[in-house]
Amino acid sequence: MTAFSSNPQLAGAERLEGTFIFDLERSARGLRLNRFLHGLVIPERRALFKSDPQAAFDQARLTPEEQRMVLELDWRALIHYGASFFTMEKLGRVSGVSNPAMVAAMRGETLESFLATRRVPGAR
Amino acid sequence: MARIIGGIGTSHVPTIGMAYDRKKGADPDWAPLFEGYAPAARWLAEKKPDVLVFFFNDHATTFFFDHYPTFAIGVWDEYPIADEGMGPRPVPALRGHAPLSRHMATALVNDEFDMSVFQDLPLDHGLNSPLTMLYPEAVPAGGWPVSVVPIEVNVLQHPMPTPLRCWKLGQAVRRAVASWPEDLSVVVVGTGGLSHQMNGERAGFNNEAWDREFLELIHTDPMALTRMRLADFARLGGSEGAEVIMWLAMRGALSPDVKKVHQSYYLPMTTAMAVAVFEETP
Ligand SMILES: [Fe+2]
């Protein structure tokens, strides 16, 4: 992780392990992918994605790696790459995946083992 | 003149809205959440404010990173419920207060808070998820007994406003409200948190001890919170938990000696859900 040297508000945040601070560098890296994910709030776009994902990817000019991460719902790779959790959340809703399931995947755990660490595993 | 009669701090996790929509009040896993909000809803039903000024954040729903506003105020008279990927929640469109919000936009800019201004945009769970808990009768009644003035704060993409800047925004909002000539009773609402992280291997992080301390400090020593940096909030409450700086905007709009009349805390899954009610002395 890079040091956020130009932002004194973030000094020290680079020492938080397993944390991907969404700053302007990440935002720039993820812009095309995040734009595609954000577009899923438009019913026609998500209908196209569900019926013909390749056409939706081509329209958004996603790279082969971006396409793979989206198709496989590879939450951990997406967040490492530069996706925002909040655009990923749209893909989660469109794909019927809950936030706890996305969190478990980013942690590298199964949903069951993640839920076992929670106080009220049924509250989802 | 318009007067701020109190403030509410509240989480805005989407599951709060989902639990409401799926009528989970009797489900033992969700009952503590509903019980935590009931006194806040009763307080509002009793005080009957005309307007809620909401410090909330968009979640890359209405706004996108090609142009993400740091502070934006809505000045329309109705805000649709946003579609976040599953169609909008079955909730009536929110009522705005166009004249007051236009006045506030003008007052804030003249007070050196250079707000972005938006009109008839849809609003996401950042605002609508706590609102249905605060007014549980509005959905069955088919309409809202209160208007909102939405003030969006960027807590998604750094550089975010500093904690101190949020506090000062709240102070400026207090001045803007007080300079409105008509009699209106106003409650300020700060949303977000408490501890949670939604990215990386640290996702799922919570810190109840810090949450409890935050709930104490926001009441008794908010200045201590304004001296913290965003990195401190991320370390103590998770990177997404840093959005509690929006509670500082709410607190900045209240008097120093405001009374806390209710507080609840529930940490079921990934995000600590809290609600606190502050009342001004009449
Ligand atoms: Fe949020």
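For clarity, every value in this text was computed on a predicted model and none was experimentally measured.

This paragraph deals with the overall build of chain B. Helix and strand counts for chain B stand at 10 helices and 10 strands. The C-alpha atoms of chain B give 17 Å as radius of gyration, which agrees with the globular expectation for 282 residues (19 Å, within 12%). Overall, the C-alpha framework of chain B stretches about 50 × 45 × 45 Å when taken along its three principal axes. By residue count, 66% of the 282 residues in chain B fall in the buried class. Taking the contacts inside chain B whose residues are at least 6 apart along the sequence as the reference set, 81% of them involve residues at least 24 apart.

Counted by the stated rule, this structure contains 14 aromatic pairs over all chains. Between F85 of chain A and F86 of chain A the ring centres are 5.5 Å apart and the planes differ by 85°, which places this aromatic pair in the edge-to-face class. Centroid distance F214 of chain B to W247 of chain B: 5.5 Å. Interplanar angle 70°. Geometry classified as edge-to-face. Of this pair, F214 of chain B sits in helix α7 (residues 208-220) while W247 of chain B is found in helix α10 (residues 245-252), placing the two residues 33 residues apart along the sequence. Accessibility classification places F214 of chain B together with W247 of chain B in one group, the buried group. Joined through ring pairs, the aromatic side chains of F22 of chain A together with F63, F64, F65, Y68, Y79 and F118 of chain B make up one cluster. Here the guanidinium or amino end of R165 of chain B rests over the ring plane of F113 of chain B, the centre of that ring lying 3.7 Å away. We note R202 of chain B situated over the ring of F205 of chain B; from NZ or CZ to the ring centre the distance is 4.0 Å.

Right, let's talk about the coordination of the iron ion for a bit. Residues and elements named next belong to chain B. Of the protein atoms, only H12 (NE2), H59 (NE2) and E243 (OE) coordinate the iron ion, at distances of 2.0 to 2.4 Å. Since its relative accessible area comes to 2%, H12 is described here as buried. A relative accessible area of 2% means that H59 is categorised as buried.

What follows covers the interface of chain A and chain B. Listed per partner, the contact involves 49 residues of chain A and 44 residues of chain B. Regarding the contact of chain A and chain B, the summed buried area is about 4,100 Å², with carbon and sulfur atoms giving 60% of it. Across the chain A-chain B interface, the total number found is four salt bridges. Linking R46 of chain A and D83 of chain B is a salt bridge whose minimum nitrogen-to-oxygen distance equals 2.7 Å. Linking chain A to chain B there are 26 residue pairs in polar contact (both at pLDDT 80 or more). For the side of chain A that touches chain B, the secondary-structure elements that each account for two or more residues are α1 (24-29), α2 (31-38), α3 (43-51), α6 (75-81), α7 (85-95), α8 (99-107) and α9 (111-115) of chain A. Examining the composition of the side of chain A that touches chain B, we find that seven residues originate from one element, α7 of chain A, more than from any other. A per-class count over the side of chain A that touches chain B returns 25 nonpolar, 12 polar and 12 charged.

A word on the confidence of the model for chain B. Per-residue confidence for chain B gives a mean pLDDT of 98, with 100% of residues at or over 70. Our summary of model confidence lists the complex with pTM equal to 0.97 and ipTM equal to 0.95.

In total, this model carries 19 salt bridges over all chains according to the counting rule given. A salt bridge links R32 of chain A to E66 of chain A; the shortest N-O distance between them is 2.8 Å. Of this pair, R32 of chain A sits in helix α2 while E66 of chain A sits in helix α5 (residues 64-71); the two residues are 34 residues apart in sequence, bridging distant segments of the chain. Here E46 of chain B ties to K47 of chain B by a salt bridge, and the two come within 3.9 Å at their closest N and O atoms. Here K47 of chain B falls in the partly exposed class, since its relative accessible area comes to 29%. Among the ionic contacts, a cluster of salt bridges with common partners joins E65, R68, E72 and D74 of chain A.

What counts and how
Residues numbered from 1 in each chain as written. Chains lettered and ligands numbered in written order. Predicted model: local features only at pLDDT ≥ 70, side-chain atom pairs only at ≥ 80, totals over all residues. Heavy atoms only, no water. Helix = DSSP H or I, 4+ residues; strand = E, 2+ residues; numbered from the N terminus. Rg over C-alpha atoms; globule rule 2.2 N^0.38 Å. Buried < 20%, exposed > 50% of the residue type's maximum accessible area, 1.4 Å probe, protein only. Contact = heavy atoms within 4.5 Å. Phe/Tyr/Trp six-rings, centres within 6.5 Å; stacked < 30°, edge-to-face > 60°. Lys NZ or Arg CZ within 6 Å of the ring centre and 35° of its normal. Donors = N, O, S within 2.8 Å, 3.2 Å for Na, K, Ca; no water. Buried area = accessible area lost by both parts, 1.4 Å probe. Salt bridge = Lys/Arg side-chain N within 4 Å of Asp/Glu carboxyl O. Polar contact = N/O pair within 3.5 Å; in protein donor to acceptor, adjacent residues only side chain to side chain. Nonpolar A, V, L, I, M, F, W, Y, C, P; charged D, E, K, R; others polar. pLDDT = per-residue confidence, 0-100.

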